[in-house]
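The lines below spell out each chain.
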Amino acid sequence: MEGLLYSESHEWVKVEGEIALIGITDFAQNALGDLSYVDMPEVDDEVSQGEEFGAVESVKAASDLISPVSGTVVEINGELEDNPELLNQDAFANWIIKVSISDKVELDALMDAKQYEEFCQNE
Amino acid sequence: MEQLLTTCLYDRHISLNAQMSPFGGFMMPIQYSSITNEHIAVRTRAGMFDVSHMGEMFVSGPDAEKFVNHIFSNDIRGMHPGKVLYGMMLYPQGTVVDDLLVYKEFEAGHFLLVVNASNISKDYDWICSQAEGYDVKVGNASAVWGEIALQGPLAEKLAVEALGLDKVRELGFYTYAEMEWKGDRMIVSRTGYTGEDGFEIYCSHKAICEIWDILLEAGVEPCGLGCRDTLRFEAGLPLYGHELSDTITPVEAGLGMFVKLDKDEFIGKDAVAAQKAAGISRKLVGIELDDKAIPRAGYPVESDGVQVGTVTTGYRSISTDRSVCVAMLDRPFTELGTKVEVRIRKKTFPGTVCRKRFYETHYKK
């Protein structure tokens, strides 16, 4: 999907000014299978690029969510508490957390849509 | 690095687009459509599992009964031909070599032992090493036998109508019948690992492939190891490597009823008797969490910030929609109703100690 940035651990980032919306890609939700739980951080928690900020659970296993940016959590998607399957239904339409970006330079380390597509083909 | 084996049904799993993964030395199907779909199919209709990776060992000879009773925890004296018993082989210290089924064959002095795929070599070596001084022959026939487990409320209907196995109508729970499939010896037992009625069908590779194709055509859901685990877990059944191991005794696992201490002797008898007399210091129990977070194997269980045990298996139970697990806990935290916490990643979640069976089983008793 164009306009988004991507990490190697299959998270997407949509930058809106100083805020980053973060979710998991369709590739990720397909690989994970039906999700039954999303473990999210709290508002005001600090996240760091490359570090775990939560997890998604499918029947078989828990998978860490890795933050593609550093900053402070300003909002979490409450809808995912009761309806984790929203991530399976439309991974790009359902952000998981919103983060106030502390260092925009870190965005340079992420892939664009074309690079991510190539990356997935080699996965 | 050891080569992974494949079962006779491998090509069929690939053509059904199964997600494959190594298990017990075999490349096995984990799921075809989804674990949830397959799990529900078994509980409400019928599903079939490729369980050809399981091990089949044949013990025969004048000392066969004496020998099997020596290595097996349950009592095989008084088994009628066609009876099947569940139990364990124990080490002298009382811990578990493997859990298995023993089939008393219709031919006198002949027994079939069905063991876990992951333990085939270990079990065969163990059985042979213990046979010293007994007039028995032990054969590992695992490579030539295929096996399908047909499980669910419609299993009998399908076995009769799709496979023509009318005889299964008279098969009682934990008994088996000798049959034939186009001249190949076939063993069909009313046993399973799901908590539902069903059959385990053992035959030649050729026959198993034909049977799979017929059942698939008849609308039976192909089911993988993913739902095999969620189904057995809900039904309170143990998995070797989790609820049983070479460091866990049957008493700690709550399986004392499959250890017959009134037998004269068997390997591990003294250790189990001593443990029963002294009392166990830890036990497998169920835990139900209040939240939706999912407890999994290896997660610590705590009370007041101190670890009091470890989860052996856990899931969001598909049939009951609860986050539940089985855990090995230290006494006295094993009392029903005790409040404990499970540590899931960085947070702890409160739960209550309960029974290990989370689902009402439907055996044909």
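What counts, and at which threshold
Residues numbered from 1 in each chain as written. Chains lettered and ligands numbered in written order. Predicted model: local features only at pLDDT ≥ 70, side-chain atom pairs only at ≥ 80, totals over all residues. Pairing = 2+ DSSP bridges. Helix = DSSP H or I, 4+ residues; strand = E, 2+ residues; numbered from the N terminus. pLDDT = per-residue confidence, 0-100. Contact = placed C-beta atoms within 7 Å. Axes fitted to C-alpha atoms, helices over the stretch in contact; angles between N-to-C directions.

*Asks:* Mind laying out the sheet that holds strand 8 (residues 71-76) of chain A, listing which residues take part and the relevant values?
*Replies:* Residue and element names in this part refer to chain A. Strand order in this open sheet of six strands is 1-2-3-9-8-5, and the pairing throughout is antiparallel. Single-partner strands in this sheet number two, and they are strand 1 (5-6) and strand 5 (46-47). Across four bridges, strand 3 (residues 19-24) lies against strand 9 (residues 97-101) in antiparallel orientation. Note on strand 9: the bridge partner recorded for Ile 19 is Ser 100.

*Asks:* Give a description of the confidence of the model for chain B that names residues and reports values.
*Replies:* For residues with low pLDDT, the predicted coordinates do not support detailed interpretation. The predicted model of chain B averages 97 in pLDDT, with 99% of residues at 70 or higher. Note on the complex model: pTM 0.91, ipTM 0.77.

*Asks:* Before we move on, could you go through the interface of chain A and chain B and cite the residues and values that matter?
*Replies:* Taken together, the contacts link ten residues of chain A with twelve residues of chain B. Elements represented by at least two residues in the side of chain A that touches chain B include exactly strand 4 (35-39) and strand 6 (52-58) of chain A. With three residues, strand 4 of chain A is the largest single contributor of residues to the side of chain A that touches chain B.

*Asks:* Account for the sheet that holds strand 9 (residues 146-151) of chain B, with residues named and values stated.
*Replies:* All names here are of chain B. With mixed pairing, the six strands of this open sheet are ordered in space as 10-11-12-9-3-13. This sheet does not close on itself; its edge strands, each paired only once, are strand 10 (176-181) and strand 13 (221-223). For this sheet, the mean angle separating the axes of adjacent strands, direction not counted, is 25°. Strand direction decides the pairing type here: strand 3 (residues 47-50) and strand 13, joined by three bridges, are parallel. Paired with Met 48 across the bridge in strand 13 is Pro 222.

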